[in-house]
Structures are given as C-alpha cells and as structure tokens.
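# Structure at a glance
Here is what each chain is made of, one letter per residue.
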Amino acid sequence: MKAVFDDRQLAHAPVRELHNGDWVAYAEVPGRAGDIAALLDCRPPGDHGLAPILAVHDAQYVSFLKCAFAEWHAAGRQGDAIGYTFPVVQRRDLALDRIDAQLGRYSYDAGTPIAQGTWQAAYWSAQTALSALHDMTDSGERTAFALCRPPGHHAGPDYMGGYCYLNNAAIAARQASALGLGPVAVLDVDYHHGNGTQDIFWQDDAIFFASIHADPRTDYPFYWGYADERGEGAGEGTTLNLPLPRGTGWGDYREALMRSSEAIANWGAKFLVLSFGADTYEGDPISGFSLSQNDFPRLGEAIGAMGLSTLVVMEGGYAVDDLGRNVTAFLDALPAQ
C-alpha cells in the first residue's frame, strides 16, 4: 500500500488551546504524525494546487487561512491566533476587517488556533490526500494511505474547528467524483462526528456520508451527529449517523460498522474515502470508546470486506505512545492490491 506524507505538515505547532475553561497544552501535536510516518515508507505529495480545495471550501475562507497569522501579529497580538467572539445567530456574509472578527466568523471553537505554520501544514495535508488518491488512479492499486495532519473532518465549507482547517477527506472525495470514480462514499470512523464533512455534503446527492461516532449528547462536537440528521434537498437520505455511547467495545462497534457498510453498498458506492481516527482506542486521553489494539486489525478486515477501492485519510488519535502501532495494525489488515 502506498503511503503519502510531507514533513511540512509538522510546521503547524500551536502552543495551547482553551478547554473546559482553562488553557491546556495543544493536543494535536506534530509528534502524532511523525511517529506514524517513522513506521511507514511514505513518499512526499505532489502539488495539485488550490482548485480541488476551492471545489470544497469558500474562497474567502481559504484567503483568511492564508493570512490570519500575519494579520494577527500585524494587529499587535502575540502568540497563536484564537477567536473569542462567535456569531451563533443571524450569521451573515459581512465584510469584516478586524482579525478578531474574522477568527470568530470562520471558526466555531477556541480549540483550533492558527499558528505560524498552520496554512503551510493544512495545505500540504490536503495535497497529501489528493496525491494518495492519484496514486490509486495511476497504479490501479485498491488502497492508499494519506497521513494527513492536521486532520480535516471538522472543517466545513467556510469554517475551522476541532483541530481541522481544510477537510482533506471531503477534498479527496469530491476529486474522486470529478475523476469519474464514483459513486463515492465517505465513511468516518473517528471517535468524534465529522460535522464538517456532513455539512459539505449535506445537500449533495453525489457523495454518501456515513459516520460512526460518540453520542453528541455527551461528546464533541455536541451540536451535530444525531441519528435523525439525514441530509437535505437533493442530499436527503445520503447522510447516515450512528452515534454510540461511551464505553462501546468491539461487539457493538462492529454492529454499527455492518450497518454503515450495508447502507454504503445499497447506495451503490464504488469508491470509499475512509476518515480514519485511531481515537476509538481505549487508551485515548480525550475519547471514551473501548477498542483495544487487537481490534484495529478487525476494523481493517471489515473495511476490506466491503470490496471497495479505499483511500484512508488520517483524522484523530491522541494516545501518542500507541498511535503508530494502532494505525499500522489497521493498515496491515487492509488488502494491498
């Protein structure tokens, strides 16, 4: 299986985030990706430009990401750029000059700072997903792994959040559809609901989105990911949410996985983008499922049994000491060809 990663993805290194009323060390550290890359033979991505990114994300939002850190410091601020005012009602497309206002306009939490290297890392994370996709089309191989960092599934069309800035899985899925590989499905198996991916494809009948995640009544992102969310307009029925309670182990998780696999098959998908989070691990410090390291090969086997060409896009996973072994245990169980 080909794996893609770029050292420029390590440039994103915020110092802290606001969590539960206090400043804490930033959890999405560069070492997450570095430790995984050390266990794999990764090639660097090519540069597929901005066009595939702009096929998913609003152009003004992308311009904001490029310039936010410089504008923050030009305004006399120190450290990483973090918003503190968020327009939760009557959100309008206003011309906002102050960086403080822009940060609130284009984000929904205070746990996703913009640091000096954030745009560079996010850009190359998206290029990593695109390059892994093109490796599949060029080689004819059935699987590929995009070691994306920062992750992407919480980033919506014009907002960041949950450590995510550009939605790598959505960018790859839309590009796969444009290349004629569809019908395309996105299956999100991160512990947290992929609210950004859902939002991007909410009214899109070309992409099926399924997510197995922690019940949002108890876990981030709280406001999205409920079972009654099914899409809207042309996309009605193309969203499937399977929220699970804290403490879920392999038995119940496997049942949800079988439900999502059946729905994807019934929809007629030919190509799968897998938003893979290893934060379902029982030792993850910010999650609450009970999957063991021995369950990750089972997950890989179940994904492989779907019989679809599968692009694996890395999302979360914060038990850094065990992360590399958990990821490779999953990848090793996928079919190579």
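This structure is a prediction, so every number in the text was calculated from the model and none was measured. Residue indices follow the written sequence of each chain, beginning from 1 at its first position. In keeping with the model being predicted, local features are shown solely for residues with a pLDDT of at least 70 and side-chain atom pairs are shown and tallied solely at 80 or more, while totals for entire chains, interfaces and linings include all residues. Values shown for side chains rest on all heavy atoms present in the structure; no hydrogens or waters enter the calculation.

## Looking at the overall build of the protein
Spelled out, the test is: Think of it this way: any DSSP run of H or I at least four residues long counts as a helix, any run of E at least two long counts as a strand, and we number them from the N terminus. Note on method: radius of gyration uses C-alpha positions; expected globular size equals 2.2 Å times residues raised to 0.38. Per-residue accessibility, obtained with a 1.4 Å probe over protein chains only, is compared with the maximum for each type, and a residue is labelled buried under 20%, exposed over 50%, and partly exposed between these values. We call two residues contacting when some pair of their heavy atoms lies within 4.5 Å.
For the protein, the helix and strand inventory stands at 10 helices and 10 strands. For the protein, the C-alpha radius of gyration of 18 Å lies close to 20 Å, the compact-globule estimate for 337 residues. The burial tally for the protein puts 57% of its 337 residues in the buried class. Put simply, 77% of the contacts in the protein that link residues at least 6 apart link residues at least 24 apart.

## As for the packing of helix H8 (residues 250-267) against helix H9 (residues 295-304)
Test applied: For helices, the axis comes from a line fit to the C-alpha atoms of the stretch in contact; other axes are also lines fit to C-alpha atoms, and the angle between any two N-to-C directions lies between 0 and 180 degrees. Throughout, the term roughly parallel applies to angles under 35 degrees, roughly antiparallel to angles over 145, roughly perpendicular to angles from 65 to 115, and oblique to all others. When the near helix sits turned anticlockwise from the far one by under a right angle, the crossing is termed left-handed; a clockwise turn instead gives a right-handed crossing.
At a minimum axis distance of 11 Å, the contact between H8 and H9 shows a crossing angle of 15 degrees. Classed by the angle they form, the pair H8 and H9 counts as roughly parallel. Of the two possible hands of crossing, H8 and H9 adopt the one that is right-handed. Judged by residue contacts, Trp 250, Tyr 253, Leu 257 and Met 258 of H8 engage Asp 295, Arg 298, Leu 299, Ala 302 and Ile 303 from H9.

## Digging into the pairing of strand S8 (residues 239-244)
Here is the rule we go by: Being paired, for any two strands, means DSSP has found at least two bridges between them.
Among the 6 residues of S8, 5 are classified as buried, and the element is accordingly described as predominantly covered. The pairing of strand S7 (residues 207-214) with S8 spans 6 bridges and is classified as parallel. Bridging across to S8, Ala 214 finds its partner in Leu 244.

## Some details on the sheet that holds strand S1 (residues 2-4)
Strands sit in the order S4-S1-S5-S10-S9-S6-S7-S8 across an open sheet of 8 strands; the sheet is parallel. The two strands at the open ends of the sheet, each matched to only one other strand, are strand S4 (42-43) and S8. Relative to strand S5 (residues 143-146), S1 runs parallel, the two sharing 3 bridges. Across the sheet, residue Val 4 finds its bridge partner in S5, namely Ala 146. Together, S1, S4, S5, strand S9 (271-276) and strand S10 (309-314) form the strand contacts of helix H5 (residues 118-139), whose direction differs from that of S5 by roughly 165 degrees.

## Side note on the environment of Thr 280
Tracing the backbone through its elements, the reader meets Thr 280 in the loop between S9 and H9. Along the backbone, Thr 280 and Gln 78 are 202 residues apart, and their C-alpha atoms lie at a distance of 35 Å. Residues in contact with Thr 280, not counting those within four places in the same chain, are Val 189, Asp 190, Tyr 191, Tyr 253, Phe 289, Ser 290, Leu 291 and Phe 296.

## What to know about the nonpolar core
Keep this limit in mind: Only buried residues count toward a nonpolar core, which is a set of Ala, Val, Leu, Ile, Met, Phe, Trp, Tyr and Cys residues joined through side-chain atoms within 4.5 Å.
Counting residues in each nonpolar core, the largest one holds 50 residues, and the members touching the most others are Phe 64, Leu 65, Ile 114 and Leu 311. Of all the elements, H5 adds the most residues to this core, at 10 residues. The contacts of Leu 311, once residues within four sequence positions are left out, are Ala 129, Ala 132, Leu 133, Met 136, Ala 144, Ala 146, Ala 172, Phe 271, Leu 272, Val 273 and Leu 274. Ranked by size, the runner-up nonpolar core spans 46 residues in total, among them Ala 210, Ala 256, Leu 272 and Ile 303.

## Details of the environment of Ala 70
Mapping Ala 70 onto the fold places it in helix H3 (residues 59-74). With relative accessibility at 54%, the residue Ala 70 sits in the exposed group. It is 39 Å that separates the C-alpha atoms of Ala 70 and Phe 330, two residues lying 260 residues apart in sequence.

## Details of the pattern of salt bridges
Cut-off, in case you're wondering: Salt bridge, as applied in this entry: a Lys or Arg side-chain nitrogen positioned within 4 Å of an Asp or Glu carboxyl oxygen.
Counted under the stated rule, the structure contains 13 salt bridges. With a closest N to O distance of 3.4 Å, Glu 141 and Lys 2 form a salt bridge. You can see Glu 141 sitting in the loop between H5 and S5 and its partner Lys 2 sitting in strand S1, a full 139 residues away along the chain. On the basis of relative accessible area, Glu 141 is assigned to the buried category, the value being 17%. The partner of Arg 298 in a salt bridge is Asp 295, and the shortest N-O contact between them spans 2.4 Å. Remark: Asp 295 and Arg 298 occur in helix H9; sequence separation between them is 3 residues, near one turn of the helix. Salt bridges linked by common partners bring Glu 28, Arg 32 and Arg 149 together as one network.

## Notes on the packing of aromatic side chains
As a reminder of what qualifies: Under the pairing criterion, centres of Phe, Tyr and Trp rings, with the six-membered ring standing for Trp, must be within 6.5 Å; the plane angle then separates stacked pairs below 30 degrees from edge-to-face pairs above 60, leaving the rest tilted. We call a charge positioned above a ring when the Lys NZ or Arg CZ atom is no farther than 6 Å from the ring centre and deviates by at most 35 degrees from the ring normal.
A full pass over the atoms with the stated rule returns 20 aromatic pairs. Measuring from ring centre to ring centre gives 5.6 Å for Phe 208 and Trp 267, while their planes differ by 40 degrees; the resulting arrangement is tilted. Of this pair, Phe 208 sits in strand S7 while Trp 267 sits in helix H8, and the two are 59 residues apart along the sequence. Looking at Phe 208, the relative accessible area reads 5%, which means it is buried. Under the relative-accessibility criterion, Trp 267 is labelled partly exposed at 24%. The structure contains a cluster of three or more aromatic residues connected by ring pairs, namely Tyr 108, Tyr 159, Tyr 220, Phe 222, Tyr 223 and Trp 224. The residue whose ring lies beneath Arg 8 is Trp 124, and the NZ or CZ to ring-centre distance is 3.7 Å. Over the ring of Trp 72 we find Arg 77, and its NZ or CZ is 5.3 Å from the ring centre.

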